[in-house]
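# Commentary on secondary and tertiary structure
Chain residues, written in single-letter form:
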Amino acid sequence: MLYARYFLLLGIILLTFGCQSSHEINDKPIYLNASNPIDTRVDDLLSRMTLEEKVAQMCQYVGLDHMKQAEQNLSKEEMESSDAHGFYPNLHSSDVVKLVEQGKIGSFLHVVDVKEANYLQSLAQKSRLKIPLLIGIDAIHGTALVHGATVYPTPIGMASTWDTELVKKMSVETALEMRATGAAWTFTPNIDVARDARWGRVGETFGEDPFLVSEMGVAMIEGLQNTNYPDSFNVIACAKHLIAGSESINGLNGAPTDLSERTIREIHLPSYQAAVDAGVFSVMTAHNELNGVACHADKWMMTEVLRNEMGFDGFIVSDWMDIERLATRHFVAEDQTEACFQTIDAGMDMHMHGPDFLEPVMELVRAGRLSEERINESVRRLLEAKFKLGLFENAFVDLEKTKAMVFNEQHRQTALEAAQKSIILLKNENDLLPLKKGKHKKIFVTGPNANNETILGDWTWEQPQDNFVTILEGLKNANSGSEIDFMDVGSDLRNMSQKDVDAALGRAKKADLAIVVVGENSFRWDWKNKTCGENSGRSSIELFGLQQQLVEQVVKSGTPTIVVLVNGRPLGVEWIAENVPAVIEAWEPGCFGGDALAQILYGEVNPSAKLPITIPRSVGHQLSIYNHKPTHHFHKYVDAESTPLYPFGHGLSYSTYEYKNLVLSKETIAKNEAQSISIDVSNTSNRDGEEIVQLYLNDKHCRFTRPVKELKAFQRISLKAGETKTLEFSITPDMLQYLDHNFNPRIDAGEFVAMVGCSSADKDLLKASFFVK
Ligand code: BGC
């Protein structure tokens, strides 16, 4: 009996000690030892976690300062009537502090101050398992929600550069600035294919073409998730939004999308496949429903397509309060518990954001509706992210070490270069541009966007005045020797004064040149007045308010006029295109947009950007896309031109380029054979320049209707004055594929047409046919 007790005790001691030794080496738990492989660390940590600690990893909250602002500035009614604010009824910011200490929160967003980031991480260190927080931020074009960060051109401008190396460089820098300011995960790239200009978020996309969007998205992911520098400066990218919210009914953000599976697979999914292939480690689901299924509960899309078909092995995050909206907006779930079930069952890994997730999910596991194994799957992915980022070793930002990493000389240079390469010269009649310094005695400058921060674009918070250059400031910095007469009409597009507009005529008459800066306003900090950006859908794409009248008055003066558009979506500025000699699409060119624009006006920089999206004439011309089907323009409008105002791929230069000698390496190829096509491009001017050469293909006859052309490759090249270069493009079998009845890729025998040129317009393309046997 005594022996039996002795052995029992010994057994217990051995068992306890044995368990511990399998978890710990030299007193340090396996998961805290950075020399162990990530899988081993994840297994070890997972084995120590309670169910509550696991589900907590799936929970995200908004930052404390963000909550405090809502607590201070919002009325009770505002808080109750909208879920758009970072506020949780019945939960104070001080309660959130305790939740972190108790290990009940895994992630934060909207933490825009590095001190707050460090503070939150210090709270997490007090929790039982000391699991660091994953802090996410919308660093869409630079980590621009942070005061003092470098603000690059918005993605539609970055796409206009057609320069993947530049996008990568900007993304590497963004990652550094993020880590220097406390975030390790960015909700970017937005790889939605944007074909409807009414949608307010066009500016944060790479435009309308699946291939260009994919190339840009991949460049951004590779730059952000860069593995060539130490873990502590790596971040995780997030491809969003799955899927097709860019083509919602009526162009309203979050409204239902109803598109065929063919369109989804041909147009909207390729950029996701490219992102997955590039190793993107998170994906965000979309606000909208697709064909009757809310994206946040779409098991087919999240699990079958994204994970099983495409091979995604990272984690999926919900969009802002969209799990709640399964019950409160889509009415596909009766309550929050059911909403949590539907979304997790469909494949969701993290809840953005707030307290209504932890309890319902635990209840679902206790009730046996969700298995703990299913929770483990999500937690595994989330922990893997934290280990990969080196957060267990480097959760804190050392301010001394990192302060030189933000808005430094190199990043400022990149922002300027990006702006220079993103501004598109749409029209230049009689070579009004470039301007000669000293030629104009007086230049009249006006327009609501001439002297404000709208150049910074959406997803930007107010930046220090010294950190950005408005268009007016850029013109002044240019030291052209001309007197600048600036007429301030305010920045409020909706409420411009008729008196100002009328006064423009007289003021313009007294000048030798006029520059009118019009467009849109994406000021996030002036949410109620903005006309563009998130949740700012429009029912028309004309210039807002009296802007067109202002331009008309200036043109009426007879003074040569340049219109500069600063905007986040294509604008149907037909009158301007017809009546103004020089038109520039600047998009939202970022913090040095003013300097870049002036350098282009004065010819110090030769414009080279091209449209990543068609500019339609009016809202009624939607969808004006270049890759349309053959019958798209079969019959014409009776009240308007049917052609776009400016085609996809269009953009002028001060140089002139000539395309000659389009030569295919073979006229007939087998289905699995690649071939090449070459072209001579010459700079026939006396000015050095950069040109974006585009290759399109068309499958001439196919059982399924095929687009009249599809972009398959492009090259941005520099050409000295008088120089000719021979470019070669490969045409590979994947470029010839279409999707059959079952959406399997297929190539049919027959004729294909290759087109190479400077835009998607037929007049700009040389063509050559080849045959597949
Ligand atoms: C947007 C997302 C964004 C999130 C967090 C949502 O409203 O749709 O794109 O990442 O907010 O800010």
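What counts and how
- Residues numbered from 1 in each chain as written.
- Predicted model: local features only at pLDDT ≥ 70, side-chain atom pairs only at ≥ 80, totals over all residues.
- Heavy atoms only, no water.
- Helix = DSSP H or I, 4+ residues; strand = E, 2+ residues; numbered from the N terminus.
- Rg over C-alpha atoms; globule rule 2.2 N^0.38 Å.
- Buried < 20%, exposed > 50% of the residue type's maximum accessible area, 1.4 Å probe, protein only.
- Contact = heavy atoms within 4.5 Å.
- Areas by Shrake-Rupley, 256 points an atom, 1.4 Å probe, with all protein chains shown as cover.
- Lys, Arg positive; Asp, Glu negative; His and termini not counted.
- Charge placed at Lys NZ, Arg CZ, Asp CG, Glu CD.
- Polar contact = N/O pair within 3.5 Å; in protein donor to acceptor, adjacent residues only side chain to side chain.
- Axes fitted to C-alpha atoms, helices over the stretch in contact; angles between N-to-C directions.
- Parallel < 35°, antiparallel > 145°, perpendicular 65-115°, else oblique.
- Nonpolar A, V, L, I, M, F, W, Y, C, P; charged D, E, K, R; others polar.
- Pairing = 2+ DSSP bridges.
- pLDDT = per-residue confidence, 0-100.
- Near = heavy atom within 4 Å.
- Right-handed = clockwise from strand over helix to strand, strands pointing away.
- Domains from an automatic or database assignment.
- Buried area = accessible area lost by both parts, 1.4 Å probe.
- Salt bridge = Lys/Arg side-chain N within 4 Å of Asp/Glu carboxyl O.
- Phe/Tyr/Trp six-rings, centres within 6.5 Å; stacked < 30°, edge-to-face > 60°.
- Lys NZ or Arg CZ within 6 Å of the ring centre and 35° of its normal.

### Quick look at the overall build of the protein
Broken down by element type, the protein carries 24 helices and 28 strands. Here the C-alpha radius of gyration of the protein, 28 Å, is about what a compact globule of 773 residues would show, namely 28 Å. Dimensions of the protein along its principal axes, counting C-alpha atoms only, are 110 × 65 × 50 Å. Burial status across the protein gives 61% buried among its 773 residues. Sequence-distant contacts in the protein: of pairs separated by 6 or more residues, those separated by 24 or more amount to 77%. Surface summary for the protein: the accessible area is close to 30000 Å², and the carbon and sulfur share equals 50%. A gap of 2 Å separates the mean positions of the 75 positive and 104 negative side-chain charges of the protein.

### Quick word on the environment of D502
With respect to the secondary-structure elements, D502 resides in helix 21 (residues 498–509). Put simply, D502 and R265 are 237 residues apart on the chain and 51 Å apart in space, counted from C-alpha to C-alpha.

### Side note on the environment of V573
Tracing the backbone through its elements, the reader meets V573 in the loop between strand 17 (561–566) and helix 23 (574–579). When its relative accessible area of 2% is taken as the criterion, V573 is described as buried. Sequence-wise, V573 and P616 are 43 residues apart; in three dimensions their C-alpha atoms are separated by 8.7 Å. Excluding residues that lie within four positions of it along the chain, V573 makes contacts with L543, L565 and L645.

### Some thoughts on the environment of S246
Along the chain, the position of S246 falls in the loop between strand 7 (238–242) and helix 11 (261–268). Remark: the alpha-carbon pair of S246 and H741, spanning 495 residues in sequence, is separated by 25 Å. Sequence-distant contacts of S246, defined by excluding residues within four places in its chain, comprise D192, V193, A194, D196, W199 and H268. Of the polar contacts made by the side chain of S246, one reaches the backbone oxygen of V193; its length is 2.6 Å.

### Some points on the packing of helix 15 (residues 336–346) against helix 16 (residues 358–366)
Interaxial distance between helix 15 and helix 16 falls to 9 Å at its minimum, and their mutual angle equals 70°. As summarised for this structure, helix 15 and helix 16 are arranged roughly perpendicular, according to the angle between their axes. Taken together, the residues of helix 16 that come into contact with helix 15 (itself represented by Q336, T337, C340, F341 and I344) are P360, V361, E363 and L364. Among the residues making up the contact of helix 15 with helix 16, the classes are represented as six nonpolar, two polar and one charged.

### Notes on the sheet that holds strand 13 (residues 424–428)
Read from one edge to the other, the open sheet built from six strands follows the order 13-18-17-16-14-15, with strand pairing classed as mixed. Of all strands in the sheet, those with a lone pairing partner are strand 13 and strand 15 (483–487), marking the two edges. Pairwise comparison of adjacent strand axes, ignoring direction, gives a mean angle of 20° for this sheet. Bridging between strand 14 (residues 442–446) and strand 16 (residues 513–519) involves four bridges; their strand directions are parallel. Each residue of the ladder has a partner; that of I443, found in strand 16, is L513.

### Re the confidence of the model for the protein
Residues with a pLDDT of 70 or more make up 95% of the protein, whose mean pLDDT is 94. Throughout residues 1–25 the model reports pLDDT below 50, and contacts reaching past four residues in sequence, or to other chains, amount to 11 contacts.

### Things to note about the site of the ligand
Close to the ligand lie 14 residues, the nearest being D138, K240, H241, D319 and E534. With respect to the ligand, the side chain of H241 contributes an N or O atom lying 2.7 Å from an oxygen atom. One of the side-chain nitrogen or oxygen atoms of E534 is found 2.5 Å away from an oxygen atom of the ligand. Burial of the ligand by the surrounding chains reaches 95%, relative to a free accessible area of 310 Å². Considered class by class, the residues forming the shell around the ligand number six nonpolar, three polar and five charged.

### Here we look at the pairing of strand 17
Within strand 17, six of the six residues are buried, leaving the element largely enclosed by the surrounding structure. Burial along strand 17 is two-sided: T561, V563 and L565 and I562, V564 and V566, pointing in opposite directions, are all buried. Where strand 16 lies against strand 17, six bridges are found, and the strand directions are parallel. If you follow V518 over to strand 17, its bridge partner there is L565. Handedness of the strand 16-helix 22 (residues 547–556)-strand 17 crossover: right-handed. Sheet topology places strand 17 next to strand 18 (residues 582–585); four bridges connect them, and they run parallel. Of the residues in strand 18, the one forming a bridge with L565 is E585.

### Description of the domain arrangement of the protein
Per the domain assignment, the segments of the protein are domain 1 (33–404), domain 2 (423–621) and domain 3 (657–772). Of note, the centres of domain 1 and domain 2, computed from C-alpha atoms alone, are 35 Å apart. The interface is formed by 38 residues belonging to domain 1 together with 36 residues belonging to domain 2. Where domain 1 abuts domain 2, roughly 2600 Å² becomes buried across the two surfaces, and 57% of that area is made up of carbon and sulfur atoms. For domain 1, the biggest contributors to the area lost against domain 2 are V151, A197 and R198; these three give 19% of the whole. One can count one salt bridge joining domain 1 with domain 2. Our count for the domain 1 to domain 2 interface comes out at 20 residue pairs in polar contact (both at pLDDT 80 or more). Ranked by residues supplied to the side of domain 1 that touches domain 2, first place goes to helix 8 (residues 155–161) with four residues. Considering only residue class, the side of domain 1 that touches domain 2 consists of 18 nonpolar, 13 polar and seven charged.

### Digging into the packing of aromatic side chains
By the definition in use, this model includes 15 aromatic pairs. When the ring of F211 is compared with that of F714, the centres are 6.0 Å apart and the planes differ by 70°; the resulting orientation is edge-to-face. Residue F211 is found in helix 10 (residues 210–224), and its partner F714 is found in strand 23 (residues 710–719); the two are separated by 503 residues along the sequence. Taking 4.1 Å as the distance between ring centres and 10° as the angle between the ring planes, the aromatic pair formed by F387 and F392 counts as stacked. A network of ring pairs unites the aromatic residues W162, F211, Y626, F648, Y696 and F714 as a single cluster. Seen from the ring of F407, R412 lies directly overhead, with NZ or CZ sitting 5.3 Å from the centre.

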